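# Structural features, examined
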Amino acid sequence: GENVEQHPSTLSVQEGDSAVIKCTYSDSASNYFPWYKQELGKGPQLIIDIRSNVGEKKDQRIAVTLNKTAKHFSLHITETQPEDSAVYFCAAAQTGANNLFFGTGTRLTVIP
Amino acid sequence: DTAVSQTPKYLVTQMGNDKSIKCEQNLGHDTMYWYKQDSKKFLKIMFSYNNKELIINETVPNRFSPKSPDKAHLNLHINSLELGDSAVYFCASSQNAQFGTGELFFGEGSRLTVL
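This one's a predicted model, so the numbers in the text were calculated from it and none came from an experiment.

One can find serine 94 of chain B in strand β9 (residues 87–94). Within the structure, the side chain of serine 94 of chain B is placed 2.7 Å from the side chain of tyrosine 33 of chain B, a separation counted as a polar contact.

Shown next, in the form of structure tokens:
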């Protein structure tokens, strides 16, 4: 089965700085890579996703990059704000499959 | 209106007891899930139901029994609770069972503490 590894497990940045979270996956058949954000006391929520036919996707301050050859993908948050503080999960799946494999999570703290 | 709602939000109980967590989604989705999140925040799928039919049943003790009376509801019943069952349990739903075609919508979680 798929194995998704995520680094770092914790990340602290100053407000306004950038944050990068990296994930690797093992199954070359995976082609759908979402990122979820979990705020304190809430369930995870999808913030961005990328499919294997593109190398990069951007949505305002959030961007995700994918390197299929190396089997890794990254989340980039620019101009971080205190409300970005949360646990972030990467995940991987094959389109059409009925299981989504989550990474181990990164706790991001943005220091005002 | 909350899209995926689960009750109770907190549950504290003694070892050996039986408890249930209920989940309802009002999104009209066909597929519902139970995930377990342990103290290290690992998110692991337990069960998945598509239109009331079980499609994923990960390696979970048979003390855990999901029940889907209709496609808008997926309840989780746990027998003979053990200390290791303490975790946050998340219900989620998606439009269909095929990932890559839509996102997962999670409830706010039910924190189970077994004493």
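This part is about the packing of aromatic side chains. The description of an aromatic ring pair uses the distance of the two centres, along with the angle that the planes make with each other. If you walk through the whole model with that rule in mind, you get 13 aromatic pairs over all chains. Taking the centre distance of 6.0 Å and the plane angle of 55° together, the rings of tyrosine 25 of chain A and phenylalanine 73 of chain A count as tilted. Here tyrosine 25 of chain A, found in strand β3 (residues 19–25), pairs with phenylalanine 73 of chain A, found in strand β8 (residues 72–77); they are 48 residues apart in sequence, far enough to count as distant. Measuring from ring centre to ring centre gives 5.6 Å for phenylalanine 102 of chain A and tyrosine 35 of chain B, while their planes differ by 85°; the resulting arrangement is edge-to-face.

A few words on the pattern of salt bridges. Overall, the coordinates contain eight salt bridges over all chains when judged by the stated rule. Note that arginine 63 of chain B and aspartate 85 of chain B form a salt bridge whose closest N and O atoms lie 2.8 Å from each other. On the criterion of sequence distance, the pair formed by arginine 63 of chain B in the loop between β6 (53–57) and β7 (64–70) and aspartate 85 of chain B in the loop between β8 (73–78) and β9 is long-range, its members being 22 residues apart. For aspartate 85 of chain B, a relative accessible area of 4% puts it in the buried group. Within this structure, Lys42 of chain A together with Lys9 and Glu108 of chain B form a network of salt bridges that share partners.

Turning our attention to the interface of chain B and chain A. By convention, interface size is frequently given as the accessible area that disappears when the constituent parts associate. Contact residues are listed per partner, giving 23 residues for chain B and 21 residues for chain A. Summing both partners gives a buried area of about 1,800 Å² for chain B against chain A, and 57% of it is carried by carbon and sulfur. Lysine 42 of chain A is paired through a salt bridge with glutamate 108 of chain B; the nearest N and O atoms lie 3.2 Å apart. Scanning the region where chain B abuts chain A turns up three residue pairs in polar contact (both at pLDDT 80 or more). Taken together, the elements giving at least two residues each to the side of chain B that touches chain A come down to β4 (31–37), β5 (43–50) and β6 of chain B. Of the residues assigned to the side of chain B that touches chain A, the class counts are eleven nonpolar, six polar and six charged.

Residues and elements named next belong to chain A. Within the open sheet, the five strands sit side by side as β1-β3-β8-β7-β6. Their pairing is antiparallel. Both outer strands of the open sheet, β1 (4–7) and β6 (56–59), are each paired with one neighbouring strand and no more. Across the sheet, the mean angle separating the axes of adjacent strands is 15° when strand polarity is ignored. Here β6 runs beside strand β7 (residues 62–67); their pairing, made up of four bridges, is antiparallel. Paired with aspartate 59 across the bridge in β7 is isoleucine 62.

A word on the pairing of strand β2 (residues 10–13) of chain B. All names here are of chain B. Alternating positions in β2 separate cleanly, Leu11 and Thr13 being buried on one face and Tyr10 and Val12 remaining unburied on the opposite face. Bridge count for β2 against strand β11 (residues 110–114) is four bridges, and the pairing is parallel. In the strand pairing of β11, valine 12 is matched with threonine 113.

Definitions and limits used
As a convention, each chain's residues are numbered from 1 in the sequence order in which they are written. Each chain takes a letter, starting from A, and each ligand takes a number, starting from 1, following the order in which they are written. Whole-chain, interface and lining totals are the exception, using all residues; otherwise, since this is a predicted model, local features are given only for residues with pLDDT of at least 70 and side-chain atom pairs are given and counted only at 80 or more. As a rule here, side-chain values come from all non-hydrogen atoms in the structure, and water together with hydrogens is ignored. Per the convention used, a helix needs a DSSP run of H or I reaching at least four residues, while a strand needs a run of E reaching at least two, with both numbered from the N terminus. A 3.5 Å cut-off defines polar contacts: any pair of N or O atoms within that distance qualifies, except that in protein one atom must be a possible hydrogen donor and the other a possible acceptor, and neighbouring residues in sequence count only when both atoms are side-chain atoms. When two rings of Phe, Tyr or Trp (its six-membered ring) have centres within 6.5 Å they constitute a pair, described as stacked for plane angles under 30 degrees, edge-to-face for angles over 60, and tilted for the intermediate range. Put simply, a salt bridge is a Lys or Arg side-chain nitrogen that is within 4 Å of an Asp or Glu carboxyl oxygen. Accessibility here uses a 1.4 Å probe with only protein chains present; expressed as a share of the type maximum, an area under 20% marks a residue as buried, one over 50% as exposed, and anything in between as partly exposed. Working rule for contacts: check all heavy atoms of both residues, and any pair within 4.5 Å makes them a contact. Two parts placed together each lose some accessible area under a 1.4 Å probe, and adding up what both lose gives the buried area. Throughout, the ten residues Ala, Val, Leu, Ile, Met, Phe, Trp, Tyr, Cys and Pro are labelled nonpolar, Asp, Glu, Lys and Arg are labelled charged, and all others, Gly among them, are labelled polar. Two strands qualify as a pair provided that DSSP identifies no fewer than 2 bridges between them. Note on method: axes are straight lines fitted to C-alpha atoms, helices fitted across the in-contact stretch only, with angles between N-to-C directions ranging 0 to 180 degrees.

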